[in-house]
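An overview of the molecular structure
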Amino acid sequence: MTTRNLFLLPGDGIGPEAMGEVRKIIAYMNEAMNAGFVTDEGLVGGSAYDAHGAAISEADMQKALAADAVLFGAVGGPKWDDVPYEVRPEAGLLRLRKDLELFANLRPAICYPALANASSLKPELVEGLDILIIRELTGGVYFGEPKTITDLGNGQKRAIDTQVYDTYEIERISAVAFEMARTRQNRVCSMEKRNVMKSGVLWNQVVTATHKDKYSDVKLEHMLADAGGMQLVRAPKQFDVIVTDNLFGDMLSDVAAMLTGSLGMLPSASLGAPDGKTGKRKALYEPVHGSAPDIAGQGIANPIAMIASFAMCLRYSFGMVTEADNLEKAIANVLDKGIRTADIMADGAKKVGTVEMGEAILTEFKALSA
Ligand code: IPM
Ligand code: MG
């Protein structure tokens, strides 16, 4: 039987609650489908800091490196606001991305028909929305050096962050965007700030050259990132695939999340390059929402982004396409039935907590899998 090694990092805040619902789906798939998932679990973020004084322990890093896929919940919370910068909760996530070389972050923003009214935009603008943001994840200002605060000695300090991109980094992320576009509507919009940033000039050149070289069948458009943000809320359905750098991708994906009704709906996959020998890629799957400390522990968090992240894991790490389709369909069906967590609640719908939402999705998934 195939063994599929999953390393679970539930993290902080609502992370563990959301992960609990995925665990039930894994158990069902092992029992009913012989899926062969073998799970191990570690600590990341504030919970790792409390236990080990680090945002992730070396032992857990090794397990993440060895796993077929990592499922990640969320990190952070006010409890750790004052811990040293190097060991702040987010450092655990950033180290995972960097050490696993997860350069391609796929953030699909899909507006389920049943949720068109939950969006802050008019329903007709978001109904049927299906865009994919491809965010570069291991470069740019997140990791560029120098990254410092220096005392200038005159009562002033100077903070420096550095935006750096090399050609190969832009080539490989644009290749992912073009490849993904070919499986969708075959359109890519690249976003940068070439009018202000040298890294934007190079980004634009390399995306253009990669397109000309290997992907001229795909329709390519360029937009300045600020204008892109404006277009995302003005007419989001004009986009198919958006490719952009680490920082713009962070911001634009939060904007895109709200188009779909709630931050609680958006899954993501962070992928490395395929291994030369095995063809396997390192991968981490996480909901785009954060740890939501304000609602943690109350059993009201929306587990959909976490469950949809697991669906992406089935699709991208294990090629379990039917199962992934069914799990995504199960989410859509539950929403169609008017079952809602508080963040996506609507008039006349049935308000449920995390566990009830998870169970409703599992029941639907079982029915679809039968
Ligand atoms: C995200 C988050 C992270 C990021 C934080 C938690 C470091 O906002 O995944 O979008 O900025 O990348
Ligand atoms: Mg973010």
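Residues numbered from 1 in each chain as written. Chains lettered and ligands numbered in written order. Predicted model: local features only at pLDDT ≥ 70, side-chain atom pairs only at ≥ 80, totals over all residues.

Domain assignment breaks the chain into domain 1 (1-103 + 272-370) and domain 2 (106-266). Computed over C-alpha atoms only, the centres of domain 1 and domain 2 are separated by 23 Å. With 20 residues of domain 1 at the contact, the number on the domain 2 side is 22 residues. At the level of elements, α4 (89-99), α10 (304-316) and α11 (321-336) are the ones that each hand at least two residues to the side of domain 1 that touches domain 2. (Domains from an automatic or database assignment. Contact = placed C-beta atoms within 7 Å. Helix = DSSP H or I, 4+ residues; strand = E, 2+ residues; numbered from the N terminus.)

Let us look at the sheet that holds strand β4 (residues 104-110). Sheets are built from strands that pair by backbone hydrogen bonding, the pairs being arranged parallel or antiparallel. What the 10 strands build is an open sheet, ordered β2-β1-β3-β12-β11-β4-β5-β10-β8-β9; its pairing is mixed. In this open sheet, the two strands that pair with only one neighbour each are β2 (37-41) and β9 (219-224). With direction set aside, neighbouring strand axes in the sheet form an average angle of 25°. Note: β4 against strand β5 (residues 130-136), seven bridges, orientation antiparallel. Considered in β5, the bridge of Arg-107 is made with Ile-133. (Pairing = 2+ DSSP bridges. Axes fitted to C-alpha atoms, helices over the stretch in contact; angles between N-to-C directions.)

Within a regular strand, side chains alternate between the sheet's two faces. Pairing analysis gives four bridges linking strand β6 (residues 148-151) to strand β7 (residues 157-160), with the strands arranged antiparallel. Residue pairing for β7: Asp-151 is matched across the bridge by Lys-157. Linkage of β6 to β7, two consecutive antiparallel strands, is achieved through a turn of five residues, within which Gly-153 is found at a positive phi near 80°.

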